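Structural overview
Here are the chains, one letter per residue:
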Amino acid sequence: IESSETVRRSKEDRKVLRKQLKASHTLLKHEGIRTTPQPTKTLVVANGGLGNGVSREELSAALGEMGELETLIMHPHKPYAFVTYRSEESARKAHVRLNGEKLECRESSVTLYLSYVNSVTCEEEVSVPLPDGLVLVEDFVSQEEEAVLLAAIDWSSTNDDFTAKKALKHRKVKHYGFEFRYDNNNVDKDKPLAAGIPQECLPFLERCVKNKHIDILPDQLTVNQYESGQGIPPHVDTHSAFEDTILSLSLGAMTVMEFRHPDGRLVAVVLPGRSLLVMKGESRYLWTHGITARKFDTVPARGPQSPARTAPDLSACSNLTLSKRDTRTSLTFRKIRHEPCGCAFPSACDSQVAPLAPPPPSPPSLPCCHADAALLEEEYVHRVYDAIASHFSSTRHSPWPRVCHFLSTLPAGAVLADVGCGNGKYLGVNPEVMAVGCDRSSALVHICAQRGFQAFVSDALRVPLRTASCDACISIAVIHHFSTQERRRAAVRELVRLLKPGGRALIYVWAFEQEYKKQRSKYLKEHPEKHSPTEDAQTGSSQEAHGESSIHTSRRLEDLQDATESKLSVHTNRTAFNTQDLLVPWHLKEGKKQVDEDAAPVFHRYYHVFQQGELEQLCGQEAGVTLQSSYHDQGNWCVILEKALGTDL
């Protein structure tokens, strides 16, 4: 019996040694960490990092049983940690006893593998300045005041109109005073809610005035309740909707809010429970702020607090741990703005964005090279959608049924990428899938964020997602905005790259043939003269963002003018096409009270309308895909592609 036990232990020891050596090789290959067979006081602990869900407290407790610790270094998001003992004897003990041992953590268990290292550099803790105008005040309300404020927010109320209660995808929301509308990213200033700011908030607000955080009492309150794993995408509160100072009171659990400057600077601010965040000036108008959806935050371990005007640089800290998220309620107080915003940040201000002028008397020519195409699309696609984003989003309500059907066929847990997502109206159609959107327009991505969807700014030709990472992709009314055949094909190729083998893509483009099988598209069912200039091709209740239409012409495309040798024509809305490449007007409606339609700014967007069979031919040029189906839907040509099994790209 003793002999068999010895053999069993020997096998287990060899197995641990193999895995320990494998961990050492992985650390050297991917992290450049070189281990040594000679005992030292310092060990690298593979699988014992913050990136594995191991907190400092959990790892420190296990390592501390072996002897007194000198330092424990845990870098953010890394799957390893470094420990230095006071004595080499303690390090030897840890190396023998903890190698191959399981460490039970709150959410899972990990197996630790320890190797000696000669030394490790412990960098000084670095702090970064808070964005200008941002102030964090910890313990601004007492525990008793916190309880009173939380009790004042009645989530059980069924009267949605009273407080404009909403259940968004990533959080619960209530509005008081005025409702913030996520469909147009603004407030209806002429329609105050029946419920004003609760009286229980008055002592808190009066203290804010007394402490000079605000000069005047706010009249709008938005309450967000986040459960563990929920967050809010990065955004800037609409300039034209609210005055300068914004107050955000955190109640309940701690979280981390990330502030990002347009130049890429990132400041992660830890928001403890009962803390007050004051946003003024640059921090309010220019920096985006958001909370990443996750169950654990990486935060500084307890110790000396950073100065009030700085925050620890979490990307460079080593004295970090994990904080498990719990229910957090934020109260955001704002003052409604009744005049246009005149802030010092016009590039980010919706009140100060200069409307684009209509195209010059001589419209641009169809591009003949990649550089010219990129310039044309920047001027007549990208800039236009940024300028018209709010009005555009207000006309995008109903998802198309056949797109919804495609999305409904995706299994639970499938990864969906909406490339060219616009205001995100398809991102929430199937709540069982993990949907992410991207769009070239930062203004439209901002609207997606306000609506609680995950989206980011990206060119459809270069989507920053891993190859073969998506079960499905959709491209709804996007590819017709690319101005050359090569770029349209590249857009299809990018969708295919994102798909896993066996994954499917749905593509919609605007059709040249608006009358198909003796049926006109819905957009054409009314006489053109019944519509005002503002009601152009974009405002139909069921037409997609880009789904303008016109009557089918009997002229063959081969007989049309050669667009490569002429200027792009400006299309007259609700009339027949006479070319495939054209500029389509958008008449900007700036608010419900606007009555002078002729005075409305007019923007022009480039389109290439697809002839029957053209989309199938375009997709057929890509290797490794099969055409599942193609059809005509309300003035659009549509295809469903499937990526072949065994295809790497």
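Everything that follows concerns the structure shown earlier in this document.
This text gives an overview of the structure that appears in the document. Fair warning: this is a prediction, and the values are worked out from it, not measured in the lab.

1. A closer look at the overall build of the chain
When helices and strands are counted, the chain shows 12 helices and 35 strands. Looking at the chain as a whole, 52% of its 649 residues are labelled buried. Sequence separation of at least 24 residues holds for 72% of the intrachain contacts in the chain that already meet a minimum separation of 6. When the accessible surface of the chain is summed, it comes to about 30,100 Å², and 51% of that surface belongs to carbon and sulfur atoms.

2. A few points about the packing of helix α8 (residues 370-394) against helix α10 (residues 442-450)
With their axes 7 Å apart at the nearest point, α8 and α10 run at an angle of 35° to one another. Where α8 abuts α10, its residues Y385, D386, A389, S390, F392 and S393 lie against S442, A443, L444 and I447. Split into classes, the residues belonging to the contact of α8 with α10 amount to six nonpolar, three polar and one charged.

3. Quick look at the packing of aromatic side chains
One pass over the full model with this rule turns up 10 aromatic pairs. Taken together, a centroid distance of 5.9 Å and an interplanar angle of 25° make the contact between F180 and F242 stacked. Of this pair, F180 sits in strand β11 (residues 180-181) while F242 sits in the loop between β14 (232-235) and β15 (246-252), placing them 62 residues apart in sequence. Note on accessibility: F180 and F242 belong to one class, buried. Taking the centre distance of 5.9 Å and the plane angle of 55° together, the rings of F392 and W586 count as tilted. In this pair, F392 is assigned in helix α8 and W586 in strand β32 (residues 581-587), connecting sequence segments 194 residues apart. A cation over a ring is seen here: R207 above F140, with NZ or CZ 5.3 Å from the ring centre. One residue, K324, lies across the ring of F296, its end atom 6.0 Å from the ring centre.

4. Some details on the sheet that holds strand β27 (residues 470-476)
Strands sit in the order β26-β25-β24-β27-β28-β35-β34 across an open sheet of seven strands; the sheet is mixed. Here the strands that pair on one side only, and so sit at the sheet edges, are β26 (455-457) and β34 (625-633). If you compare each strand with its neighbour and ignore which way they point, the axes differ by 15° on average. In the sheet, strand β28 (residues 499-510) pairs with strand β35 (residues 636-643) via seven bridges, with the strands oriented antiparallel.

5. As for unusual backbone geometry
Leaving glycine out, the prevailing phi sign among residues is negative, and the prevailing peptide bond configuration is trans. The backbone of N47 sits at a positive phi, close to 75°, despite the residue not being glycine. Along the chain, the position of N47 falls in the loop between β1 (42-46) and α2 (56-64). Unusually for a residue other than glycine, R274 sits at a positive phi of about 70°. With respect to the helices and strands, R274 occurs in the loop between β17 (266-271) and β18 (276-279).

6. Let's talk about the nonpolar core
Counting residues in hydrophobic clusters, the biggest one holds 29 residues, and the most contacted among them are V419, C473, I479, V492, I507 and L615. When contributions to this core are tallied by element, the ones reaching two or more residues are β24 (415-419), β27, α11 (485-498), β28, α12 (614-620) and β35. Among the elements that line this core, the one with the most residues is α11, at five residues. Dropping the residues within four chain positions of it, I479 is found in contact with R488, A491, V492, L495, I507, V509 and F610. Judged by nonpolar contacts, the second largest core, of 25 residues, contains W400, A455, A472 and A477.

7. Examining the pairing of strand β6 (residues 113-117)
With five of its five residues buried, β6 lies for the most part within the structure. Residue alternation in β6 divides its side chains into two sets, Y113, S115 and V117 and L114 and Y116, and both sets are buried. In the sheet, β1 pairs with β6 via five bridges, with the strands oriented antiparallel. When the bridges of β6 are listed, V45 appears paired with L114.

8. Some points on helix α9 (residues 401-408)
Those residues of α9 lying buried are V403, C404, F406 and L407. The arc that holds every buried residue of α9, seen down its axis, measures 160°, which confines them to one face. Exposed residues on α9 whose side chains face more than 90 degrees from its buried face are P401 and H405. The elements touched by buried residues of α9 are β24, β27, β28 and β35.

9. Focus on the pairing of strand β22 (residues 320-324)
Buried residues dominate β22, accounting for four of its five residues. Bridge count between strand β20 (residues 296-300) and β22: five bridges; the pairing is antiparallel. Counted as the bridge partner of F296 is K324 from β22.

10. Considerations on empty space enclosed by the protein
Going through the model one piece at a time under the given rule, you end up with five cavities of 30 Å³ or more. There is about 250 Å³ of room inside the second largest cavity. N224, I232, H235, H289 and T332 are the residues nearest the centre of the second largest cavity, which is lined by 20 residues in total. When contributions to the lining of the second largest cavity are tallied by element, the ones reaching two or more residues are β13 (220-226), β14, β19 (288-291) and β23 (328-334). If one sorts the elements of the lining of the second largest cavity by residue count, β23 sits on top with four residues. Its residues placed into classes, the lining of the second largest cavity shows eight nonpolar, eight polar and four charged.

11. Thoughts on the pattern of salt bridges
All chains considered together, the criterion is met by 18 salt bridges. Ionic pairing is found between R440 and E378, a salt bridge with its closest N-O pair at 3.1 Å. Here E378 lies in helix α8 and R440 lies in the loop between β25 (434-439) and α10, a separation of 62 residues in the sequence. Classification of R440 by relative accessible area gives partly exposed; the value is 34%. Members of the salt-bridge network, linked through shared partners, are E68, E70 and R86.

12. Structural notes on the state of the cysteines
In the structure shown here, the tally under the stated rule is zero disulfides. Here C470 stays free of any disulfide, with the sulfur of C473 as its closest cysteine sulfur at 4.5 Å.

13. Notes on the sheet that holds strand β31 (residues 569-570)
With mixed pairing, three strands are arranged side by side in an open sheet as β31-β32-β33. With partners counted over all chains shown, the strands left at the sheet margins are β31 and β33 (602-608), one partner each. The pairing of β32 with β33 spans seven bridges and is antiparallel. The partner of L583 across the bridge, within β33, is Y606. Sitting on the sheet, α8 touches β32 and β33, and the angle it makes with β33 is about 125°.

14. Things to note about a positive patch on the surface
Taken together, the side chains of K11, R14, K15, R18, K19 and K22 define a basic patch exposed on the protein surface. Among the structural elements, K19 can be located in helix α1 (residues 2-31).

The rules behind the values
Residues numbered from 1 in each chain as written. Predicted model: local features only at pLDDT ≥ 70, side-chain atom pairs only at ≥ 80, totals over all residues. Heavy atoms only, no water. Helix = DSSP H or I, 4+ residues; strand = E, 2+ residues; numbered from the N terminus. Buried < 20%, exposed > 50% of the residue type's maximum accessible area, 1.4 Å probe, protein only. Contact = heavy atoms within 4.5 Å. Areas by Shrake-Rupley, 256 points an atom, 1.4 Å probe, with all protein chains shown as cover. Axes fitted to C-alpha atoms, helices over the stretch in contact; angles between N-to-C directions. Nonpolar A, V, L, I, M, F, W, Y, C, P; charged D, E, K, R; others polar. Phe/Tyr/Trp six-rings, centres within 6.5 Å; stacked < 30°, edge-to-face > 60°. Lys NZ or Arg CZ within 6 Å of the ring centre and 35° of its normal. Pairing = 2+ DSSP bridges. Core = buried A, V, L, I, M, F, W, Y, C linked by side-chain atoms within 4.5 Å. Arc of directions from axis to C-beta. 1 Å grid on protein atoms, 1.4 Å probe; cavity = no way out; pocket = protein on both sides within 12 Å on 5 of 7 lines; lining within 4 Å. Points joined across faces, edges and corners; volume = space filled by probe spheres on them. Salt bridge = Lys/Arg side-chain N within 4 Å of Asp/Glu carboxyl O. Disulfide = S-S within 2.5 Å. Patch = residues over 30% accessible without salt bridge, like charges linked within 9 Å, V, L, I, M, F, W, Y side chains within 5 Å. Lys, Arg positive; Asp, Glu negative; His and termini not counted. Charge placed at Lys NZ, Arg CZ, Asp CG, Glu CD.

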